[in-house]
Every structure is written in structure tokens, then in C-alpha cells.
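The lines below spell out each chain.
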Amino acid sequence: LIYSQSTFRLTADIDMQNRSILPIGVTKGFKPSYDDTASSSRAFAGTFDGCGHTISNYHCAFMSKASLPYGGGVGLFGNVERAKILNVKLYAELSADSTVGALVGYVGDLTTISNCQTTASVLGRSDSWGSYIGGLVGRVRGGGVEISDCTFTGSVGGCTVGGFIGALDSTSGIVTVRDCVAEVAGDLLPAPRGETPRVRCCRNLSQVQLAFLRHDL
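Here the residue numbering is sequential within each chain, running from 1 through the sequence in written order. Totals for whole chains, interfaces and linings use all residues, but because this is a predicted model, local features are given only for residues with pLDDT of at least 70 and pairs of side-chain atoms are given and counted only at 80 or more. Side-chain numbers here rest on the full set of heavy atoms in the structure, without hydrogens or water.

Let us now look at the nonpolar core. As used here, the term nonpolar core means buried Ala, Val, Leu, Ile, Met, Phe, Trp, Tyr and Cys residues forming a set that is joined through side-chain atoms within 4.5 Å. Residue exposure (1.4 Å probe, protein chains only): buried if accessible area is under 20% of the type maximum, exposed if over 50%, otherwise partly exposed. Within the largest apolar cluster, 46 residues are counted, with the highest numbers of intra-cluster contacts made by Leu103, Ile113, Ile147 and Phe164. Every residue pair with non-hydrogen atoms within 4.5 Å of one another is taken to be in contact. Residues within four places of isoleucine 113 in sequence aside, it is in contact with Ile85, Leu103, Val104, Val107, Leu136, Val137, Glu146, Ile147, Ser148 and Cys150.

Let us look at the sheet that holds strand β13 (residues 137–140). Pairing between strands is defined by DSSP: at least two bridges between the two strands are required. Put simply, DSSP marks the helices as runs of H or I at least four residues long and the strands as runs of E at least two long, and each gets a number from the N terminus on. Reading across the sheet, the 4 strands line up as β5-β9-β13-β17 and stay open at both edges, with parallel pairing between neighbours. What marks the edges here is a single partner per strand, and that holds for β5 (77–80) and β17 (165–168). Ignoring strand direction, the axes of neighbouring strands in this sheet form an average angle of 10°. Both strand β9 (residues 104–107) and β13 contribute to a ladder of 3 bridges, which runs parallel. Fitted lines through C-alpha atoms serve as axes, helices being fitted only where they are in contact, and the angles separating the N-to-C directions of these axes extend from 0 to 180 degrees.

With that out of the way, let us pick up the pattern of salt bridges. By definition here, a salt bridge exists when the distance from a side-chain nitrogen of Lys or Arg to a carboxyl oxygen of Asp or Glu is within 4 Å. Counted according to the given criterion, the structure contains 3 salt bridges. Between arginine 178 and glutamate 146 there is a salt bridge, with the nearest N and O atoms lying 2.9 Å from each other. Remark: glutamate 146 occurs in strand β14 (residues 145–148) and arginine 178 occurs in strand β18 (residues 175–178); sequence separation between them is 32 residues. A residue is classified by how much of its surface remains accessible, and glutamate 146, at 28% relative accessible area, is partly exposed. Two residues, aspartate 179 and arginine 178, come together in a salt bridge whose shortest N-O distance is 3.3 Å. Here aspartate 179 falls in the partly exposed class, since its relative accessible area comes to 33%. Judged by relative accessible area, which is 27%, arginine 178 ranks as partly exposed. Among the charged side chains, a salt-bridge network with shared partners connects Glu146, Asp149, Arg178 and Asp179.

The next subject is the pairing of strand β11 (residues 117–124). The side chains of a regular strand alternate between the sheet's two faces. Only one face of β11 is buried, namely the one carrying Thr118, Ala120, Val122 and Gly124, since none of Gln117, Thr119, Ser121 and Leu123 on the opposite face is buried. Judged from the 8 bridges that link them, strand β7 (residues 89–96) and β11 form a sheet pairing that is parallel. Looking at the pairing, leucine 94 lines up with valine 122 of β11.

Here we take up unusual backbone geometry. Positive phi values are uncommon outside glycine, yet glutamine 5 reaches one of about 65°. Inspection of the secondary structure puts glutamine 5 in the segment before β1 (7–9). Given the relative accessible area of 78%, glutamine 5 is considered exposed. Of note in this structure, asparagine 18 is not a glycine but carries a positive phi near 60°. Position of asparagine 18 among the secondary structure elements: in the loop between β2 (14–15) and β3 (47–49). Relative accessible area serves as the criterion here: at 48%, asparagine 18 is assigned to the partly exposed category.

In short, the description is geometric, and any link to function would need to be established separately.
The following block contains the structure:
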């Protein structure tokens, strides 16, 4: 894990000027002991407090398997575990041949995401059912996870899609999602695998269409 017990706070708004950068919590050229999970030795494990500031014009595109960072997750944070992500306002455009969430790609054990507001276009370009696309989070793999008081507005497209979270398949503990709002066509959450999540006071302001969408390249 990286930045364990470290705290980062934004002190001003940031304009990323549509630069495509490597997500936090993954390393180009580094291969963990097993892929396709947030629980890698490079996952972000600190506290990131946006303090209500805005990160705008964040752009992230990995359009081929060869260009992807090891660890797989694509978002502002690629992989997180034992982390806290708080009070972030994010405006973004993301597309990748991988698991994608605007704020976080993969979420591992004992992670808190709270009071984050995200407006984004999120597109998963993979034709594989192993790629999960969510508005806020691509995939939750860990237990002891709480996501609260968060919003997502925008568009989500890809192969396996959830309007707010792309996949919930924790087998190691409870995942709680409460007081969250999404405004996106599609199911708020996918059908869970493993432990049943606790979902409280969450709603989708748009018409629910399909839980799973196919994207033709």
C-alpha cells in the first residue's frame, strides 16, 4: 500500500486542462502479485480530503490493453484500500479498455468515500465482461466499505454498467451505500455477488433503463 496513514488536503481548485495522467494508486510498468483487484501493493491507502474544492477538466484515456497501467483500475484514483476520500468535487471525462469509475476504479477493504460530487462522462471501451463501468466507482471488491452522501451526474457506457457503481462483488464483509444520488440512465447499483450490500436512502433521478449494456467498437 502507498501513502498509508498520510493525509492530503486540497487548498484550492485545480484545473487539469484535459491532460491525460496516470490514476493515483497504480504504477505504470509495476505488476502486483495478482491483477484485477484493488488489493495490490500499490493501492492508495491514505486520506484525501478535497475540502470542498473542485478538480475540473480531468481527462483519463487508456484505449488499448498495452497502454493500461498494471492494477487495472481507471479513475482519479485507480486502486484504493484502507483509504478515505472525502469532500471532492470532480468534473471529468474518462475512457478505457478496463474497469472505470470517475472517482475510483477499484475499491478494496476498509475504505470510506464520503461527500463527493462527480459530474462525468465514463466510457468503458472493452468488450469483455471482466470490465466494469460505474459513474462514481468501477468495482467494489472489499469489505468494510462505506460510500455515503455522494452524487453522480453524467453518462455511463460500456459492457457491464452500473449508474453509480459498476460491480459489487465483495466476499470479505459488508458494503454500505447510503444517502447517495445518481442522475444517469441505468441501474443505480448492479446485482451484487457475495455479501449483500446495505443500501439506504439512495435514489436515481433518471429513468432506469438497463443494468447491462453492450458497446460495439
